[in-house]
Amino acid sequence: MRYYLGILLLLFVSITASAQTKTYKVGYLLDRTSPEIEGLLVELTNEIVAVVGEDAVLVFPEEYQLVNDFNTSKALTNYQSLISSDADIIIAFGIVNNSTISKLGTYEKPTIVFGALSEELAPQYDQSEAVKNFVSITTSQSYSDDLKLFQELAKPKRVGVAIEAPFITNLPIEEAFQKIGNDLDIDISIIPFNGLNDIVSNLDGIDALYLAGGFYLSDNEMKMLAEALIDKKLPSFTTSPLRDVSNGILASNHDQSELNQFFRKIALTVESVVLNGEFDGVNTKLETKDNLTINFNTAEKIGLPLRYSLIATTSFVGDPNVSTAEKKYTLISAMQEAIAKNLDLQVIERDITLAVKDVKVANSDYLPDVTASATGSLIDENLAAASNGQNPEISTSGTLTLQQTVFSEAANANISIQKSLREAQKENYNSESLNTVFNVATAYFTALILKANLSIQNQNLELTKYNLRIATENYEAGESGKSDVLRFKSEMAQNTQQMVEAINQLEQGYYVLNQLLNNPIDLDIDVDEAELQKGIFSNYNYKQLGQFLDDPTLRKPFVEFLIQEAIENAPELKALNYNIDATERSEKLFGAGRFLPTVAVQGQYFYEFSRSGVGTNFPNGIQFPDNYYSLGLNVSLPLFNQNKQNLNKQIASVQKEQLEVSKDNILLNIEKNINDSVLELVNQVSNIELSKVFEETAKEALYLTQTSYANGAVNIVQLLDAQNNYLQAQLASANATYNYLQSSMQLERSLGLFFLLQDETERQAFAQRFFEFLENYND
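Since we're looking at a predicted model, the values are computed, not measured.

Asks: With reference to specific residues and values, describe the overall build of the protein.
Replies: Of regular secondary structure, the protein possesses 23 helices and 22 strands. Each of the 779 residues in the protein was classed as buried or not, and the buried ones make up 46%. Once local pairs closer than 6 in sequence are excluded, the contacts in the protein between residues at least 24 apart make up 78%.

Structure, rendered in structure tokens:
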């Protein structure tokens, strides 16, 4: 019985307490509204309700949300309307509401006005004495500090300052910016606007835009403004928090923490009203810490180099995967372009051309050698007189000489040797072509790994910022010390540096790819994503290749087949075989070939053009012909050439042995490389699956640790360990696929072919050869 009486008593107390809970109606006064402003009001409302808790029932009637559209008269009317209504608390936001309501002096109902106001404009609204039922909550901004930072960031000379036109009417905007411009040596022009078009149409004649207003522009309008500025390559700076920078504005020196402070202070003030009924307030100025935030996508698009002196104190937003590259490559296009443009390959192409010329030179030994000569002579007249007409004093003549090799073992050997060397040079080109394609693939996947690293480092930086907010909230709530906040600030600085390093590493990766593709080193390029079973890899079944190798029953015959294919395709072996052919031909030449004669035909035709002077006549009336010819056959056989024939034969034999040893070494290397590549592929197949598990587990562990840290259940070291584990897991997971594809490329290089560069018929033929090999292997 006493038990039931206790329950009834508890219910009575609860009902009585509930009946005593008062309901408060809260009205909002706004300068302007938009979907984004409505979203912020929802956040503010939720914060107020959370802080007040069960102390009161709060109602926010929609009809008590009034907008003045920057009209001071309407702002006053709206305020008086809420005073006349049954609203209990009035919350006003905006410069027009602030300036209008602050001048009233007396307030019948609790009134809270809040907003951001520049230090250059704040003094006229200074309120040092308590006013009944009124409090003004502002946060300090400095146009001058913003423009100093903007000047350091982008070095503008002519800055357009965009601000809502009604603000110029209500505030000494022009005077404030005229003084700032004089102090900073910047030419400032005011751009008053009522809408987006007023800003966009007044961008000529400036080299930067400072958005001193624009808080009421929608997200879409802000994106349109950012695109217009990017099109004109104009850097931009905003007084608004992070949202504008996320929408494409270059930079801001303010972040979301300002709004969070506003909302918390307003909620606490409302709680004070609920608990005390009336209140006397004084002007509250929230101190905020500057935090430069830069959209690095926008900086990249407008070509603005970031100053490294700002990196330590700068936060970055943007998507690292968004590219403004002049040229974008797929893996296949990079491979094909490397074959066409690589400088190393062009050098070897010239070597092939020279080898072709060497063959033609060797063949030319069997072409006729024709020589024409002309002679004019003047001899002593006494000698001419005594020559009986054989050597006249003055004579001119011409000779045409022909030499034609009919048979020469040395010439035949040289032709054969040069042809073998030509084919060997072609195989050297094929080998270098395979190396170039593999190097390009390596550079391509390295670039993808570096892109993934940049994206993950950016995510890790954002994660550190989130953890910093948790630490800050715990510190403000007295649940942790300031050391946690300082530690996360230090982590944020390190993460920012790591992200900047990741940006530079990616640039270096592109430099390597540009070099291989014979592009200007600083050409802005990008690479397409490469994923298994997607894009260019969807038709090549690389994943099945890995699964195939992972089958223990098939791995051994498949490896043996791959070795057989590699030996068949290896250009290095083919080049060695051609060089061996050349040495064998040399060996034959200096062996039995030296006993083969060289046969040549010779012919000569002589014509005497003129003779004069003493000794022109032959004796006894003999008439010597003025032209004649001769033909001859020359057969030569070297019997003993200082033992050089034997020595040359011995040299050729040693060279052949040397090449055969090199061939055996290459065969061993091929077998080893194939086995190594297969094992690496098997490792990477398991790595892909395990890295996914690692990432998912690390992510869940981080979430649980964050929650525990927020509740004070774990310390900062455990949270940092969880974050670092998740970072490493992300890197491992992102790189796993690229490492697998890279290992596949290594296997293909060892095979002497690349499946991506083959057509479907060639790939099917490869598969068919394996099935035939497997059938014979099982037999």
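After that view of the structure, there is still more to cover.
Asks: Kindly report on the packing of aromatic side chains, identifying the contributing residues and their values.
Replies: Tallying each qualifying case throughout the model produces 19 aromatic pairs. Three or more aromatic residues joined by ring pairs form one cluster here, namely Phe558, Phe561, Phe755, Phe766, Phe770, Phe771 and Phe773.

Asks: Got a sec to walk through the packing of helix α16 (residues 409–476) against helix α20 (residues 571–589)? Specific residues and values, please.
Replies: Where α16 meets α20, the axes come as close as 8 Å, and the angle between the chain directions of the two elements is 170°. It follows that α16 is roughly antiparallel to α20 by the angle criterion. Regarding α16 and α20, the two cross each other, and that crossing is left-handed. Across the contact of α16 with α20, the residue classes tally to 11 nonpolar, eight polar and seven charged.

Asks: Give a detailed account of the environment of aspartate 581, specifying residues and quantitative values.
Replies: By secondary structure assignment, the location of aspartate 581 is in helix α20. You can call aspartate 581 partly exposed: its relative accessible area is 37%. For the pair aspartate 581 and lysine 656, spaced 75 residues apart in sequence, the C-alpha to C-alpha distance is 8.6 Å.

Asks: Report on the pattern of salt bridges, specifying residues and quantitative values.
Replies: Under the criterion given, the structure shown has 23 salt bridges. As a salt-bridge pair, lysine 179 and aspartate 183 come within 3.0 Å of each other at their nearest N and O atoms. Here the residue lysine 179 and the residue aspartate 183 both occupy positions in helix α7 (residues 173–184), the gap between them amounting to four residues, near one helical turn. As far as burial versus exposure is concerned, lysine 179 and aspartate 183 are alike and both exposed. Glutamate 423 is the partner of arginine 422 in a salt bridge, and the nearest nitrogen-oxygen pair spans 3.0 Å. For the pair arginine 422 and glutamate 423, one class covers both residues: buried.

Asks: How would you sum up the side chain of threonine 399? Please name residues and give values.
Replies: Turning to its location among the elements, threonine 399 is positioned in strand β19 (residues 394–407). Apart from residues no more than four positions distant in its own chain, threonine 399 is found in contact with Thr371, Ala372, Ser373, Gln604, Tyr605 and Phe606.

Asks: Go over the pairing of strand β21 (residues 598–612) with me, naming the residues and quoting the values.
Replies: Where β19 lies against β21, 13 bridges are found, and the strand directions are antiparallel. Looking at the pairing, glycine 398 lines up with tyrosine 607 of β21. Across 10 bridges, the pairing between β21 and strand β22 (residues 627–636) is antiparallel. Paired with tyrosine 607 across the two strands is asparagine 627, which belongs to β22.

Asks: Describe unusual backbone geometry, listing the residues and the values that go with them.
Replies: Leaving glycine out, the prevailing phi sign among residues is negative, and the prevailing peptide bond configuration is trans. For lysine 155, which is not glycine, the phi dihedral falls at a positive 55°. The topology assignment puts lysine 155 in the loop between α5 (143–154) and β8 (158–164). Backbone geometry places asparagine 518, a non-glycine residue, at a positive phi of 60°. Within the element layout of this structure, asparagine 518 appears in the loop between α17 (482–516) and β20 (525–527). A residue is classified by how much of its surface remains accessible, and asparagine 518, at 30% relative accessible area, is partly exposed.

Asks: How would you summarise the sheet that holds β22 if you had to cite specific residues and measurements?
Replies: Read from one edge of the open sheet, four strands run β18-β19-β21-β22, paired in antiparallel fashion. On the outer flanks of this sheet lie β18 (369–378) and β22, each paired with one strand and no other. Strand-to-strand twist across the sheet, computed as the mean angle between neighbouring axes with direction ignored, equals 15°.

Asks: Kindly report on α20, identifying the contributing residues and their values.
Replies: Since the α-helix packs 3.6 residues into each turn, any two residues three or four apart lie on the same face. Taking 1.5 Å of rise per residue, 19 residues should cover 27 Å, and α20 covers 27 Å from first to last C-alpha, within 8% of that figure. Buried within α20 are the following residues: Pro571, Leu573, Ala575, Leu576, Ile580, Ala582, Thr583, Arg585, Ser586 and Leu589. Where α20 is buried, its residues contact α16, α19 (552–569) and α21 (644–710).

Asks: Can you tell me about the sheet that holds β8, naming the residues and giving the values?
Replies: Pairing between sheet strands relies on hydrogen bonds along the backbone, with the strands arranged either parallel or antiparallel. With mixed pairing, seven strands are arranged side by side in an open sheet as β9-β8-β10-β11-β12-β15-β16. Single-partner strands in this sheet number two, and they are β9 (187–193) and β16 (314–317). In this structure, strand β11 (residues 236–238) lies alongside strand β12 (residues 251–252), joined through two bridges in parallel fashion. Within β12, the position partnered with threonine 238 by the bridge is serine 252. Across the face of the sheet, α5 comes into contact with β8, β9, β10 (208–211), β11, β12 and β15 (292–295) while running at roughly 150° to β10.

Asks: Describe a nonpolar patch on the surface, listing the residues and the values that go with them.
Replies: On the surface, Val370, Leu400, Leu402, Tyr605, Tyr629 and Leu631 cluster together into a nonpolar patch covering about 650 Å² of accessible area. Breaking the nonpolar patch down by element, the ones donating at least two residues are β19 and β22. Within the element layout of this structure, leucine 400 appears in strand β19.

Asks: Before we move on, can you summarise the packing of helix α13 (residues 331–341) against helix α14 (residues 343–363) with the specific residues and values?
Replies: As a packed pair, α13 and α14 sit with axes 6 Å apart at the nearest point and diverge in direction by 40°. Considering the angle they form, α13 stands oblique to α14. Residues Ala338, Ile339, Ala340 and Lys341 of α13 form the contact with α14, whose participating residues are Leu343, Leu345 and Gln346. Each residue belonging to the contact of α13 with α14 can be placed in one class, and the counts come to five nonpolar, one polar and one charged.

Asks: Residues and numbers for the nonpolar core, please.
Replies: Among the nonpolar cores identified, the biggest contains 149 residues, and Ile48, Ile91, Phe177, Phe445 and Ile674 are the most heavily contacted of them. In terms of nonpolar packing, the next biggest core, distinct from the first, is built from 17 residues, Leu203, Met222, Leu229 and Ile249 among them.

Asks: A description of the confidence of the model for the protein should follow, citing residues and the corresponding values.
Replies: Across the protein, the average pLDDT comes to 83, with 89% of residues at or above 70. When pLDDT is averaged over each element of the protein, β10 comes out on top at 94 and helix α1 (residues 2–20) at the bottom at 41. Throughout residues 1–19 the model reports pLDDT below 50, and contacts reaching past four residues in sequence, or to other chains, amount to zero contacts.

Asks: Before we move on, can you summarise the environment of glutamine 505 with the specific residues and values?
Replies: By the secondary structure assignment, glutamine 505 is in helix α17. Not counting residues within four places of it along the chain, the set of residues in contact with glutamine 505 comprises Leu450 and Asn453.

Asks: Describe the side chain of threonine 464, listing the residues and the values that go with them.
Replies: The topology assignment puts threonine 464 in helix α16. Sequence-distant contacts of threonine 464, defined by excluding residues within four places in its chain, comprise Phe488, Glu491, Met492, Asn495 and Gln723.

Asks: Describe the environment of asparagine 739, with residues and values.
Replies: Its location among the elements puts asparagine 739 in helix α22 (residues 716–751). Measuring from C-alpha to C-alpha, the distance between asparagine 739 and phenylalanine 445 comes to 7.8 Å, with 294 residues separating the pair along the chain. Excluding residues within four positions of it along the chain, asparagine 739 makes contact with Ile449 and Gln684.

Asks: Give me the lowdown on helix α9 (residues 219–231), citing residues and values where you can.
Replies: For α9, which comprises 13 residues, the first-to-last C-alpha distance of 18 Å matches the rise-based estimate of 18 Å (1.5 Å per residue) to within 8%. Every buried residue of α9 is accounted for by Met222, Leu225, Ala226, Ala228, Leu229 and Ile230.

The rules behind the values
- Residues numbered from 1 in each chain as written.
- Predicted model: local features only at pLDDT ≥ 70, side-chain atom pairs only at ≥ 80, totals over all residues.
- Heavy atoms only, no water.
- Helix = DSSP H or I, 4+ residues; strand = E, 2+ residues; numbered from the N terminus.
- Buried < 20%, exposed > 50% of the residue type's maximum accessible area, 1.4 Å probe, protein only.
- Contact = heavy atoms within 4.5 Å.
- Phe/Tyr/Trp six-rings, centres within 6.5 Å; stacked < 30°, edge-to-face > 60°.
- Axes fitted to C-alpha atoms, helices over the stretch in contact; angles between N-to-C directions.
- Parallel < 35°, antiparallel > 145°, perpendicular 65-115°, else oblique.
- Left-handed = near helix turned anticlockwise from the far one by under 90°.
- Nonpolar A, V, L, I, M, F, W, Y, C, P; charged D, E, K, R; others polar.
- Salt bridge = Lys/Arg side-chain N within 4 Å of Asp/Glu carboxyl O.
- Pairing = 2+ DSSP bridges.
- Expected span 1.5 Å × (residues − 1).
- Patch = residues over 30% accessible without salt bridge, like charges linked within 9 Å, V, L, I, M, F, W, Y side chains within 5 Å.
- Areas by Shrake-Rupley, 256 points an atom, 1.4 Å probe, with all protein chains shown as cover.
- Core = buried A, V, L, I, M, F, W, Y, C linked by side-chain atoms within 4.5 Å.
- pLDDT = per-residue confidence, 0-100.

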